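# Analysis of the macromolecular model
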Amino acid sequence: MTVHNLYIFDRNGNCLFYSEWNRKKQAGISKDEEFKLMYGMLFSIRSFVSKMSPLDMKDGFLSFQTSKYRLHYYETPSGLKFVMNTDLSVSNARETLQHIYSNLYVEYIVKNPVCVLGHNLDSELFSSRLDAFIRALPYYSPRAA
């Protein structure tokens, strides 16, 4: 069980924060291109799910999986998008993403007068607390394959 990486996007698709823990394979493209591809895929999946759902989905798109990883998605009312990639053994990371938003992002970014909202998150305190939180998760394993 492991966490591969985490993206935080603003409502316009700008990647405000990215961190990785157990990512074995790199994309082979620049990080900026990877961020654009990830956001574009999220935009398309959200649109597809909202149009194809037989019910009115209050939560919308939550996650999807491939044969190698599972992508977990959480969108805040203000349009921030938190995306975490894990291995397949992690069935639901919604509470984890909500915790990252409400207990880490709000506390160390929103309430920090030095941090400018809508710009890259350069807070060392946020990064270190996030890293400690991820490493303490029951499904985090530094030796994952």
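Only a predicted model underlies this, so the values are computations on that prediction, with no experimental measurement involved. (Residues numbered from 1 in each chain as written. Predicted model: local features only at pLDDT ≥ 70, side-chain atom pairs only at ≥ 80, totals over all residues. Heavy atoms only, no water.)

## Concerning the sheet that holds strand 1 (residues 3-9)
With antiparallel pairing, five strands are arranged side by side in an open sheet as 2-1-5-4-3. A strand with exactly one partner marks an edge of an open sheet, and here the two such strands are strand 2 (15-20) and strand 3 (63-65). Mean inter-strand twist for the sheet, computed between neighbouring axes without regard to direction, equals 10°. Sheet analysis places strand 1 next to strand 5 (residues 81-86), joined by six bridges and oriented antiparallel. (Pairing = 2+ DSSP bridges. Helix = DSSP H or I, 4+ residues; strand = E, 2+ residues; numbered from the N terminus. Axes fitted to C-alpha atoms, helices over the stretch in contact; angles between N-to-C directions.)

## Points about helix 3 (residues 124-136)
Here helix 3 is 13 residues long and its end C-alpha atoms lie 18 Å apart, about the 18 Å a rise of 1.5 Å per residue gives. Taken together, the buried positions of helix 3 are occupied by F126, L130 and I134. The buried residues of helix 3 occupy an angular sector of 60° when the element is viewed end-on, so they sit on one face. Across from the buried face of helix 3, at angles greater than 90 degrees, the exposed residues are E124 and A136. Residues of helix 3 that are buried in the fold lie against strand 1, strand 2, strand 5 and helix 2 (94-110). (Expected span 1.5 Å × (residues − 1). Buried < 20%, exposed > 50% of the residue type's maximum accessible area, 1.4 Å probe, protein only. Arc of directions from axis to C-beta. Contact = heavy atoms within 4.5 Å.)

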